[in-house]
Amino acid sequence: MSELDLRLSTATVQDTGSFRLVELPPELYQIIESSEKTSLFIKGHPTEDAVLCTSEKTYSVRSVVLSNTVLVVTPSRSDPDGTVHIRDQLHEILELAPVVPKLHKLSILLRDMEYDEGDEDRQGHVISYIHKAAVSKYSYEQARSEIQASEAEFVRGLKERRILVLEGQLRPIAPAHLSTILELLLNYLISLSLSYQAAAVEELVSVLSDEHEIPRAVSNQVISWFGDVKEGLWKMDADAVIRELGVGILRHHRHNPISENEFLKKWKSVVGDTFESSVKLTLLSGDYLRNLSSNGEEATLTYFPSSTLPVDPAARFVELFLTRQRWKHEEIEPFLLDIAVNSKERDKLLLKHARALTDTEGVWYTARVSYNN
């Protein structure tokens, strides 16, 4: 091993604290080493823990104290082969780990900004309307820079949360209005003899605009949420549309359960004869609870959306076990999908916050601590 002469750099004082050592996960290392142009962003409000975002993923940033000091050195200009200058001393590294993007803030930031059917008449004056309600203004660019999520996760989050982008402003669409638009689309697919696998977008957008005064900007985005649009043709995601219409019916039964048979009958009626065979409760996983009557003969459904549960894992499990004392794995899993990056992390959460019990009916999960209802 060659010997080097260590010297304190004249820049040591001014450089102190300006270096950080980051441990990269394998997938992030490969991205940085690839020949493609890569952009990394650090996001976070002063009151939040910072995250690092690539174009596709979000990573937590955690400081880990080192047992040994690491020196940051640079070769000497006068003697690059024999002398190095100490620029800084590091006592910690920054550890990165994939995390769920923090998209839940959107529902808080966009409260009272809902786009409803009554806004159709004002659509031509969106800018002036928003100007009058300046306190309710939240732009796409502002949200993209503030929300702790990668670009891909952010765009996907807007789609999954049914948030419109109108004149550059974010507006969550009212659930009832969304259901109305989807029902109209299904009806026009039939009446215009269009295939749901290759429907002309312009024809659908035009009829919604002409006959129902639904702005093109709204219907175009709704169509894009529920399928793929290529070369002006819409390949509808039938399951996504059917699910949304089912949630629309179930949403009215948060406090008054509905008979499962009655619900399925209503659901099939809404989607029509063409799609009634595709109606199945599994499409609504994570949005309902199923309960049997005391005699075990009749089942009822209650609206219980995972999107309204706490995002903190500990608080999420408290809420789940206060709602139901024990859960089967297939019952509780849908309510954990949005707080864990993968199945391995979900299993870790279950191991940490729940206790597994086995009986003749299979494996059940109960709380590790007692909660008072």
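What you see is a predicted model; the values in this text were computed from it and never measured. (Residues numbered from 1 in each chain as written. Predicted model: local features only at pLDDT ≥ 70, side-chain atom pairs only at ≥ 80, totals over all residues. Heavy atoms only, no water.)

*Asks:* Is there a simple way to explain the overall build of the chain in this structure?
*Replies:* When helices and strands are counted, the chain shows 14 helices and 17 strands. Nonlocal contacts in the chain, meaning residues at least 24 apart in sequence, comprise 62% of its contacts between residues at least 6 apart. When the accessible surface of the chain is totalled, it reaches about 22,100 Å², and 50% of it is carbon and sulfur. (Helix = DSSP H or I, 4+ residues; strand = E, 2+ residues; numbered from the N terminus. Contact = heavy atoms within 4.5 Å. Areas by Shrake-Rupley, 256 points an atom, 1.4 Å probe, with all protein chains shown as cover.)

*Asks:* How do you make sense of the packing of aromatic side chains when you look at a structure like this?
*Replies:* The geometry of two aromatic rings is summed up by the distance between their centres and the angle between their planes. As enumerated under the stated definition, the model contains 6 aromatic pairs in all. Judged by centre distance (5.3 Å) and plane angle (65°), the ring pair of Tyr-140 and Phe-154 falls under edge-to-face. Of the two residues, Tyr-140 is situated in helix H5 (residues 140-146) and Phe-154 in helix H6 (residues 151-160); the sequence distance between them amounts to 14 residues. Each of the two residues, Tyr-140 as well as Phe-154, counts as buried. Linked through ring pairs, Phe-304, Trp-327 and Phe-335 together constitute an aromatic cluster. Between the NZ or CZ atom of Arg-324 and the centre of the ring of Trp-327, over which it lies, the distance is 5.0 Å. Stacked on the ring of Trp-364, the Lys or Arg Arg-326 has its end atom at 3.7 Å from the ring centre. (Phe/Tyr/Trp six-rings, centres within 6.5 Å; stacked < 30°, edge-to-face > 60°. Buried < 20%, exposed > 50% of the residue type's maximum accessible area, 1.4 Å probe, protein only. Lys NZ or Arg CZ within 6 Å of the ring centre and 35° of its normal.)

*Asks:* Please clarify how the nonpolar core should be interpreted in this entry.
*Replies:* Across soluble globular proteins, nonpolar side chains show a tendency to be buried alongside one another. Counting residues in hydrophobic clusters, the biggest one holds 48 residues, and the most contacted among them are Val-222, Trp-234, Phe-263 and Trp-267. Among the secondary structure elements, those contributing two or more residues to this core are strand S7 (163-166), helix H7 (175-191), helix H8 (201-212), helix H9 (216-225), strand S11 (233-236), helix H10 (238-250), helix H11 (260-271) and strand S14 (299-303). Residues within four places of Trp-267 in sequence aside, it is in contact with Ile-242, Arg-243, Leu-245, Gly-246, Ile-249, Val-279, Lys-280, Leu-281, Leu-283 and Leu-284. (Core = buried A, V, L, I, M, F, W, Y, C linked by side-chain atoms within 4.5 Å.)

*Asks:* What exactly am I supposed to notice about the pairing of strand S17 (residues 362-367) here?
*Replies:* Along any regular strand, the residues point their side chains to alternate faces of the sheet. Sheet topology places strand S15 (residues 326-328) next to S17; 3 bridges connect them, and they run antiparallel. Bridge pairing in S17 links Trp-327 to Tyr-365. Connecting strand S16 (residues 354-359) to the next strand, S17, in antiparallel fashion are 2 residues. (Pairing = 2+ DSSP bridges.)

*Asks:* Please clarify how unusual backbone geometry should be interpreted in this entry.
*Replies:* Trans is the prevailing form of peptide bonds, just as negative phi is the prevailing case for residues other than glycine. Its identity is not glycine, yet Asp-112 carries a phi of approximately 70°, on the positive side. Topologically, Asp-112 is positioned in the loop between helix H3 (105-109) and helix H4 (126-132). Look at Glu-167: it is not a glycine, yet its phi comes out positive at around 55°. By the element assignment, Glu-167 lies in the loop between S7 and strand S8 (169-172). Exposure remark for Glu-167: the relative accessible area of 52% places this residue in the exposed category.

*Asks:* I keep staring at the pattern of salt bridges and nothing clicks. Help me out?
*Replies:* Between side chains of opposite charge, a pair can form as their charged atoms come close. Under the counting rule described, the total for this entry stands at 14 salt bridges. Ionic pairing is found between Glu-95 and Arg-62, a salt bridge with its closest N-O pair at 2.5 Å. In this pair, Glu-95 sits in strand S6 (residues 83-98) while Arg-62 sits in strand S5 (residues 58-75), placing the two residues 33 residues apart along the sequence. A relative accessible area of 27% places Glu-95 in the partly exposed class. Given a relative accessible area of 48%, Arg-62 falls into the partly exposed group. Put simply, Arg-144 and Glu-151 hold a salt bridge, and the shortest N to O gap is 3.5 Å. (Salt bridge = Lys/Arg side-chain N within 4 Å of Asp/Glu carboxyl O.)

*Asks:* What exactly am I supposed to notice about the sheet that holds strand S12 (residues 258-259) here?
*Replies:* A sheet is described by the order of its strands in space; here 3 strands give the open sequence S12-S14-S13, paired in antiparallel fashion. Two strands close off the open sheet at either side, each with one partner strand: S12 and strand S13 (288-292). Both S12 and S14 contribute to a ladder of 2 bridges, which runs antiparallel. The residue of S14 that forms the bridge with Ser-259 is Thr-300.

*Asks:* Would you take a moment to explain the environment of Leu-106 for this structure?
*Replies:* With respect to the helices and strands, Leu-106 occurs in helix H3. A C-alpha to C-alpha distance of 9.0 Å links Leu-106 and Gly-157, two positions 51 residues apart in sequence. Those residues in contact with Leu-106 that lie beyond four places of it in its chain are Ala-143, Ile-147, Leu-158, Arg-161, Ile-163 and Leu-170.

*Asks:* What exactly am I supposed to notice about the side chain of Lys-43 here?
*Replies:* Its location among the elements puts Lys-43 in strand S3 (residues 41-43). Within polar-contact distance, the side chain of Lys-43 engages the backbone oxygen of Ala-149 at 2.9 Å. Not counting residues up to four positions away in its chain, the partners in contact with Lys-43 are Asp-49, Ala-50, Val-51, Cys-53, Arg-144, Ser-145, Ile-147, Gln-148 and Ala-149. (Polar contact = N/O pair within 3.5 Å; in protein donor to acceptor, adjacent residues only side chain to side chain.)

*Asks:* Help me understand the sheet that holds S17 in this model?
*Replies:* Two modes of strand pairing occur in sheets, parallel and antiparallel, and in both the strands are linked by backbone hydrogen bonds. Pairing within the open sheet is antiparallel, and its 3 strands lie in the order S15-S17-S16. Edge positions in the sheet fall to S15 and S16, since each of these pairs with one other strand and no more. Going from strand to strand, the sheet's axes swing by 35° on average, the running direction of each strand aside. Across the sheet, helix H12 (residues 313-323) is in contact with S15, S16 and S17; its angle to S17 comes to roughly 110°. Running over the sheet, helix H14 (residues 343-353) touches S16 and S17 and is turned about 90° from S16. (Axes fitted to C-alpha atoms, helices over the stretch in contact; angles between N-to-C directions.)

*Asks:* Would you explain the packing of H12 against H14 in this entry?
*Replies:* The angle between the axes and the distance between the axes are what describe a pair of packed helices. Where H12 contacts H14, the two axes come as close as 11 Å, and the packing angle between them is 65°. Our classification of the angle between H12 and H14 gives roughly perpendicular. Of the two elements, H12 crosses H14, and the hand of that crossing is right-handed. Residues Pro-313, Ala-314, Phe-317 and Phe-321 of H12 pack against Leu-349, Leu-350 and His-353 of H14. The residue inventory of the contact of H12 with H14, partitioned by class, reads 6 nonpolar, 1 polar and no charged. (Parallel < 35°, antiparallel > 145°, perpendicular 65-115°, else oblique. Left-handed = near helix turned anticlockwise from the far one by under 90°. Nonpolar A, V, L, I, M, F, W, Y, C, P; charged D, E, K, R; others polar.)

No statement about biological role is implied by the geometric values presented.
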